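# Inside the fold
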Amino acid sequence: MDRIFSGIQPTGNLHLGNYLGAVRNWVRLQNDYECIFCIVDLHAITVPQDPAELRRTTREVAATYIAAGINPNSAVIFNQSTVSGHAELSWLLSCITPLGWLNRMTQFKDKAGKNRESVGLGLYAYPVLMAADILLYKATHVPVGEDQKQHLELARDIAIAFNRQFGEDFFPLPEPQILGTATRVMSLRDGTKKMSKSDISDYSRINLTDDAETIDLKIRKAKTDPDALPESVEGLGSRPEAANLLGIYAALTDASLGETVSRFAGVDFSRFKKDLAELAVTVLGPIAAERARLLAAPDHIDTILRHGAERANAIAAPNIAHVKELVGFLSP
Ligand code: TYM
């Protein structure tokens with residue numbers, strides 16, 4: 001069976017972009033693949049984190065996976081730092097990854113910005129750790145949002161480099177799965193910026209923890225333009241906010257963008273926003289409620305994570321042992 005690996009950083013609230021770009025697709029794919037869903041805490045510490053907060057958000061992300069519909073009895077759910085193979089393989093792969101490849105990573109440039117000289121080495125090496133995450137399990141498929149595409153291309157290049165040097169076809173080349181009509185959900189405050197956990201304005205995103213009133217308020221306040229909604233998809237060309245909100249509606253109803261544009265052709269924003277808010281509350285409300293219920297029993301979440309770590313390690317351990325042998329490490 002083909003194997004999926006994917007993960008999310010436990011750095012704050014998950015939002016609608018994480019749901020539509022990643023988690024919802026995982027739920028839909030979980031019966032057709034062997035699935036490993038990670039909470040990538042090693043990635044989270046590439047920027048400073050408060051330890052108590054990191055523990056809390058790690059449990060919260062686990063609860064959100066399950067509340068959204070991931071079945072922890074079949075899929076492996078665990079936090080990255082509990083399987084040492086991630087850090088080990090990351091080091092080995094960093095030794096065969098040319099700096100030039102990392103210098104091309106746009107996410108590093110965006111995140112480091114003007115602080116290029118003062119951010120930690122981990123932020124720069126982050127894509128190598130991400131390649132290690134996937135290759136450690138010889139995963140064949142990786143469902144992610146559009147923003148991870150460049151990192152996945154790098155993971156494939158690193159796999160090719162390793163295979164060429166140490167043994168043809170050792171690592172399968174992982175295929176990205178960028179699925180649905182909302183692979184890049186944009187900020188509610190600026191349709192040209194990605195919806196993100198790190199945006200300082202909470203009004204830029206819909207968190208999976210927001211209650212009905214907050215969702216309604218955020219959608220009502222979302223930036224729009226003065227015109228009514230267009231008659232055709234072409235009419236969205238220079239209207240990023242309209243395109244984003246219609247794209248979200250399309251994704252939440254599993255319709256195409258074309259169908260959604262036809263449905264709201266000529267309608268003004270206030271009426272459309274009312275429908276969108278109702279829809280978002282209907283889809284996200286039950287997830288928030290189930291997540292809260294799960295978080296009331298943190299011991300149960302910890303048991304799931306512990307069990308997940310054991311299962312993940314059982315897959316990773318022989319792979320890392322084999323990699324060490326190929327590289328030439330003696331294991332007396
Ligand atoms: P992270 O934590 O930033 O995001 C988690 C997932 O959510 C998707 N996503 C979005 N999709 C659509 N619209 C958005 N606005 C949006 N924002 C985020 C991301 O594409 C991602 O799928 N490096 C990764 C985590 C990671 C990983 C991995 C993923 C570490 N190792 C191995 C896959 C395989 C990250 O920071 O995602």
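As a convention, each chain's residues are numbered from 1 in the sequence order in which they are written. Selection of residues for local features in this predicted model requires a pLDDT of at least 70, selection of side-chain atom pairs for listing and counting requires 80 or more, and totals for whole chains, interfaces and linings are taken over all residues. Heavy atoms from the whole structure form the basis of all side-chain values; hydrogens and water molecules are not counted.

## Here we look at the nonpolar core
Side-chain atoms within 4.5 Å are what join buried Ala, Val, Leu, Ile, Met, Phe, Trp, Tyr and Cys residues into a set we call a nonpolar core. Exposure categories follow from relative accessible area, calculated using a 1.4 Å probe and restricted to protein chains: below 20% of the type maximum is buried, above 50% is exposed, and the middle band is partly exposed. Counting 57 residues, the largest nonpolar core has Leu20, Tyr65 and Phe272 as its most contacted members. Counting from the N terminus, the helices are the DSSP runs of H or I reaching at least four residues and the strands are the DSSP runs of E reaching at least two. Secondary structure elements with two or more residues in this core: β1 (3-8), α1 (16-29), β2 (34-39), α3 (51-68), α9 (212-221), α10 (240-253), α12 (269-295) and α13 (298-327). Contact between two residues is taken to exist if any of their heavy atoms lie within 4.5 Å; hydrogens are not considered. Residues contacting Tyr65, with those up to four places away along its chain left out, are Gly7, Ile8, Trp26, Phe37, Cys38, Ile39, Ile70 and Ile77.

## Remarks on the pairing of β2
Within β2, five of the six residues are buried, which leaves the element mostly enclosed by the surrounding structure. Viewed along the sheet, the connection from β1 through α1 into β2 turns out right-handed. Pairs of strands are assigned from DSSP output, requiring at least two bridges between the strands. Where β2 lies against strand β3 (residues 76-79), four bridges are found, and the strand directions are parallel. From the neighbouring strand, Phe37 faces β3, where its bridge partner is Ile77. Handedness of a crossover is defined as follows: with both strands directed away from the viewer, a clockwise route from the first strand across the helix to the second makes it right-handed.

## Concerning the site of the ligand
The cutoff for a nearby residue is simple: one of its non-hydrogen atoms must lie within 4 Å of the molecule or strand. As a structural note, the neighbourhood of the ligand is formed by 27 residues, with Tyr126, Asp133, Gly145, Asp147 and Val185 the closest of them. Any pair of N or O atoms that falls within 3.5 Å is considered a polar contact. Within protein, one atom must be able to donate a hydrogen and the other to accept it, and sequence-neighbouring residues count only if both atoms are side-chain atoms. In this structure, Asp147 approaches the ligand through a side-chain N or O atom, which is 2.4 Å from an oxygen atom. One nitrogen or oxygen atom from the main chain of Met195 is found 3.0 Å from a nitrogen atom belonging to the ligand. Residue burial considers only the protein chains on display, and all accessible areas are found by Shrake-Rupley using a 1.4 Å probe. In isolation the ligand offers 710 Å² of accessible surface; the protein chains occlude 96% of this area. The set of elements that each furnish at least two residues to the shell around the ligand consists of β1, α1 and α7 (121-136). Only Asp, Glu, Lys and Arg are considered charged, only Ala, Val, Leu, Ile, Met, Phe, Trp, Tyr, Cys and Pro nonpolar, and every remaining residue, Gly among them, polar. Considering only residue class, the shell around the ligand consists of eleven nonpolar, eleven polar and five charged.

## Brief notes about the pattern of salt bridges
Note on definitions: salt bridges are taken to be side-chain nitrogens of Lys or Arg within 4 Å of carboxyl oxygens of Asp or Glu. Applying the stated criterion across every chain, the model contains 20 salt bridges. A salt bridge links Arg56 to Glu53, with the nearest nitrogen and oxygen atoms 3.0 Å apart. Pair noted here: Arg56 and Glu53 are both in helix α3, with a separation of three residues, about one helical turn. With a shortest N-O distance of 3.8 Å, Glu175 and Arg156 are connected by a salt bridge. Taken together, the positions of Glu175 in strand β5 (residues 175-177) and Arg156 in helix α8 (residues 149-166) put the pair 19 residues apart, joining distant regions of the chain. Since its relative accessible area comes to 38%, Glu175 is described here as partly exposed.

## A few points about the domain arrangement of the protein
What fixes the domain bounds is an automatic or database domain assignment. According to the domain assignment, the protein contains domain 1 (3-178 + 298-327) and domain 2 (202-292). Its C-alpha centre places domain 1 at a distance of 30 Å from the equivalent point of domain 2. Counting residues at the interface gives 13 residues for domain 1 and 14 residues for domain 2. In total, about 1300 Å² of surface goes out of reach between domain 1 and domain 2, with carbon and sulfur atoms giving 66% of it. What gets called buried area is simply the loss in accessible area from a 1.4 Å probe that two parts show on being joined, summed for both.

## Brief notes about α9
Looking only at α9, the buried set comprises Ile215, Lys218 and Ile219. The arc that holds every buried residue of α9, seen down its axis, measures 95°, which confines them to one face. Pointing more than 90 degrees away from the buried face of α9 are the exposed residues Glu213 and Arg220. Lining the buried residues of α9 we find α12. Note that the arc is defined by the directions from the helix axis to the C-beta atoms.

## A closer look at the packing of aromatic side chains
Only Phe, Tyr and Trp rings take part, Trp by its six-membered ring, and two of them pair if their centres are within 6.5 Å. Stacked means planes under 30 degrees apart, edge-to-face means over 60, and tilted covers everything else. Per the stated rule, a full pass over the model turns up twelve aromatic pairs. Ring geometry for Phe5 versus Tyr137: centroids 5.4 Å apart, planes at 15°, classification stacked. Here Tyr137 lies in the loop between α7 and β4 (141-143) and Phe5 lies in strand β1, a separation of 132 residues in the sequence. Taking relative accessible area as the criterion, Phe5 reaches 3% and is therefore assigned buried. The exposure class of Tyr137 is buried, given its relative accessible area of 0%. Pairing Phe170 with Phe171 gives two aromatic rings, centres 4.8 Å apart and planes at 75°, and the pair type is edge-to-face. Ring pairing ties together the aromatic residues Phe162, Phe166, Phe170 and Phe171, which thus form one cluster. A ring is considered to have a charge above it if a Lys NZ or an Arg CZ atom is located within 6 Å of its centre and within 35 degrees of its normal. Against the face of Phe170 rests Lys138, its NZ or CZ located 3.8 Å from the ring centre. For the cation-ring pair, Lys221 lies above Tyr203, with the distance from its terminal atom to the ring centre recorded as 5.8 Å.

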